[in-house]
Every structure is written in C-alpha cells, then in structure tokens.
Amino acid sequence: MRRMEVCCAYFDPDYENLNERIYGTRVHVDNESCGRCTVVKVNSRNKQDLLLEVLEVLIDLELSITKCYVSSDGGWSLDVFHVKDQEGSKVYNKKAISYIEQAICTREARRFTVRGSNEFASRPDVAAHYTEIEMIGHNRPGIFSEISAVLAEEGCNVIEAHAWSHKDSLACVAFVSDESTSSPINDRNRLATIEDHLGTVLRSGTSMDDDQRSARAHLLGVDGLTSHPERRLHQLMFASRDFDGQPGQTCNLMSSMPQFLPRGLLPVRHKDGHMLDTADEKCLVVKGLKAAVERRTCEGVKLELCTEKKNVGFLSHITRVLRESGLTVTRADIAMDGDVTKNTFYVKDISGNKIDMNAVESVRRELEPLPFQVKDELLSPGLPEGNPASERNGFCILGMLKSKIERLSHGFIST
C-alpha cells in the first residue's frame, strides 16, 4: 500500500506584519515650515488608538498643541500637530525630537519632559516602583484636603498624584510609598484599611444610593497602571457618568441634527466599523466628547510650589492651609522633578464667589519659606483668538473643539 503524504503550502509568519514593516509609521518633526510652531507629522496605516498614543507622547513632553489636522483615506491616516514648549517656543532639543519620532513608532514607555529652555529630562517610572491608588467620588469643597489627610494618617508618602474635578465628580490617581521605608505598601491588611478609610471620605456627603456605590478607592499595587494617568482619569470619570445632567434627564436627536455637525468630527464609528445607529449612542458620544474637553479646562488661580521629597505628609499640610483660607482645589498635579516635588494646584473660592487674592497672599505667608508662585487666573477655554493667555496655555484647540461640540449639542432636546 502506497503511503499518502499531505503537503501544506508554506506560510511565512512574518507575512502578517509585512505591510507594517514596509509601510510603517513615519514621523517627521519640522521646524522650518511654520514660523511660530514646531510641526509634527505622523503618516501611518489607520490603526486603532494611534491618535491617542500620539497625543499621549506630546502631552507627556508637556508640549502645547495649538492646532491639529486629522485625516484618513484608504486605510491610511495623516495627522499634523502644531506644538510649542512650556515657554511658547519651538522644540529644538535634538533628544526631544528624536524621542518624539521613536516613541510614536515603537510605542515605548513615555516618561520624559521638555523643561524650560528646551531641556530634555527623564521622569521616574512611578508605576513600576510605588503603590497605585485610584479614586472616584462625589466632588465637594475640601475633598482633596480630606484625601491628603487620610493618606498622611495612614503613613503614605505621596510620590505622584493627579486629581480632576468635573461637575459633581472627582477622580484621582495617586502613587504612594510607605513613609518609614520609602518602599511600596504590600501588606494586604494595611491596604484594605487604607482603601476602606478613603472610601468613607469619598462617599461622605452623598445621599443617593447610586452615588454611594459609585464612590470608591481601589489600590492596584505595583505595576497596576495599564494606561496613561490622564487617560485613566478620563476613563474613571466617564465610567461614573460625570457628563450626565439631572437624574432622569434624557436627550433625543432632532431630525435636523446633521446640520450642526462640525466638519472634522465625522465620520464616527464603533471599533468594529459599524455606524452609530441609535440616538442614544450618538447622544453618549457627544456628551462624552464635551465632558472630555471640559475636564481639561483649568479654571481658577494656578499655584505652584516646590517641596523636598523627604517632606512626608507635607501635602496634607498644604491642602489644609488652602482649605482653611477659604480655597478649594479644582485640579492638582504632584510629581517629582529631580530632587524636589513640584506641586501644582488650581484653586477657587470655596463658596463659589470670585477668588479673594488676599486669601492667596495669606496662603503664601503661611507656607513660607517654600518657593511659591501665583499664576494668572485661567478662564474657560473659549477665549478670543489671539489672546496671549489662551495661546500660551495651549487652550486654543480645546476652545475651538468645545465651541463646535456645543453647536452640536443644540440638536438635543430634553424629555
């Protein structure tokens, strides 16, 4: 009997990635074509989350995006960004330019920043060395001070933290260490105690059962963070439905809604390529986009101060002084910068009135001799075109996007 042999055609495993290797992502940083900005061009196959990853690279470098163009055709995309550094200048640092080109193409870890005078500096990878805490809760005056007090009471040294408030919601991502050992907190019983204590603070002041259930603190331990901190804040707030109006309020799309759609926001599809079929889906996208822009709006007076890294528990002292001076924190960013910790707070009057600069001066005196800077008051992002403050702080694109989304929202009615 003859033996039958079955032969299969050879398939090169690298074939699937052939297009990517031949026509991979191309990044070009141009300082010649525009007189005031550095132009970053990204040409690539139209891949999922590519735009988000590019934005994360630019944001991590603390570059301001003053203008952008996003287009796609035939499976390919071309994204163009006009960016400036923190001082409003072009990006000339060769290491920074090389990093932009490599990080977008290779998707490597992004922990760098472009400081003043185009100095390129590395930032510590806190997610790999410290315990991460995620918090979401009901926003109220003084809540960030209460959170800081709990962490200090539980012996946690805050290495880095980012907190946003929007409407009735507050979200925070913090990285902490044990104040006595400077190492991650791994004891499960202790972690459970910290989580329970923070949860009590986050739920305080809420009366509805849904708010009680949604307010929480979650400790992820070391290597817990799976996304960029700001992206994670957006996810936490979106999951808490911070964009919702009054309980029970819904919205419907009018038949004339397409005339309000600004060019540049369509077409919008699901990840699987399907269109948004229902009015509820379209409503959710619009409200989510509008909320995302609003979350990035920094309203109030910006305060900057630096502390030594060894000043354990000092964050609790700073936020307590702010609260006792009649100021509430609307946004906070705390991060290591070399041998010091840079604390940035956006504060408003705790009663909602126009902020009294005498209160800010009182805070300055109370915190002496710490280096303390008071920045100009920041308004909502819809500033007139050409306003220096708007351009300096990179809010031009946010203001434009918000205004267009507001036009789109006119196509909704309440029922």
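Predicted, not measured: the structure shown is a model, and the values here were computed from it. (Residues numbered from 1 in each chain as written. Predicted model: local features only at pLDDT ≥ 70, side-chain atom pairs only at ≥ 80, totals over all residues. Heavy atoms only, no water.)

**Points about the pairing of strand β8 (residues 156-166)**
- Here β8 lies mainly inside the structure; 11 of its 11 residues are buried.
- Looking at chain direction, β8 and strand β9 (residues 169-178) are connected through 10 bridges and run antiparallel. When the bridges of β9 are listed, E160 appears paired with F175.
- Remark: two residues form the turn of the hairpin made by β8 and β9, two consecutive strands paired antiparallel; K167 in that turn has positive phi of roughly 55°. (Buried < 20%, exposed > 50% of the residue type's maximum accessible area, 1.4 Å probe, protein only. Helix = DSSP H or I, 4+ residues; strand = E, 2+ residues; numbered from the N terminus. Pairing = 2+ DSSP bridges.)

**With respect to the pattern of salt bridges**
- Summed over all chains, the structure comprises 12 salt bridges.
- R190 is the partner of D178 in a salt bridge, and the nearest nitrogen-oxygen pair spans 2.2 Å. Of the two residues, D178 is situated in strand β9 and R190 in helix α5 (residues 188-203); the sequence distance between them amounts to 12 residues.
- According to the relative accessible area criterion, D178 is buried, its value standing at 9%.
- Looking at R190, the relative accessible area reads 25%, which means it is partly exposed. (Salt bridge = Lys/Arg side-chain N within 4 Å of Asp/Glu carboxyl O.)

**Here's the deal with the side chain of S165**
- Summarising the element assignment, S165 is placed in strand β8.
- Once residues within four sequence positions are removed from consideration, S165 is found in contact with N139, L170, M237 and T330. (Contact = heavy atoms within 4.5 Å.)

**Overview of the packing of helix α7 (residues 229-239) against helix α8 (residues 279-295)**
- Two numbers describe how α7 lies on α8: the axes approach to 11 Å, and their chain directions differ by 130°. What the angle tells us is that α7 and α8 run oblique. Relative to α8, α7 is oriented so that their crossing is right-handed. Contacts between α7 and α8 involve H234, M237 and F238 from the first element and L284, G288, A292 and R295 from the second.
- A class-by-class count of the residues in the contact of α7 with α8 yields four nonpolar, two polar and one charged. (Axes fitted to C-alpha atoms, helices over the stretch in contact; angles between N-to-C directions. Parallel < 35°, antiparallel > 145°, perpendicular 65-115°, else oblique. Left-handed = near helix turned anticlockwise from the far one by under 90°. Nonpolar A, V, L, I, M, F, W, Y, C, P; charged D, E, K, R; others polar.)

**Quick word on unusual backbone geometry**
- For the peptide bond that leads from E368 to P369, omega is 10°, which places it in the cis range.
- By the secondary structure assignment, P369 is in the loop between α10 (357-367) and β15 (372-378).
- Here the phi dihedral of E62 falls at roughly 60°; this positive angle occurs in a residue that is not glycine.
- One can find E62 in the loop between α2 (50-60) and β3 (64-73).
- In the Ramachandran plot, S182 falls in the positive-phi region, its phi being about 60° despite a non-glycine side chain.
- Considering the arrangement of structural elements, one finds S182 in the loop between β9 and α5.
- Classification of S182 as exposed rests on a relative accessible area of 52%.

**Focus: the sheet that holds strand β1 (residues 26-30)**
- Pairing is antiparallel across the open sheet formed by four strands, whose spatial order is β1-β2-β4-β3. Pairing within the sheet leaves two strands with one partner each, and these edge strands are β1 and β3. The average undirected angle you get between the axes of adjacent strands in this sheet is 10°.
- By the bridge criterion, eight bridges tie strand β2 (residues 38-45) to strand β4 (residues 76-84) in an arrangement that is antiparallel. Its bridge partner being in β4, V40 is matched across the sheet by F81.
- Strand contacts of α2: β2, β3 and β4, with the helix running at about 20° to β4, the strand carrying the most contacts.

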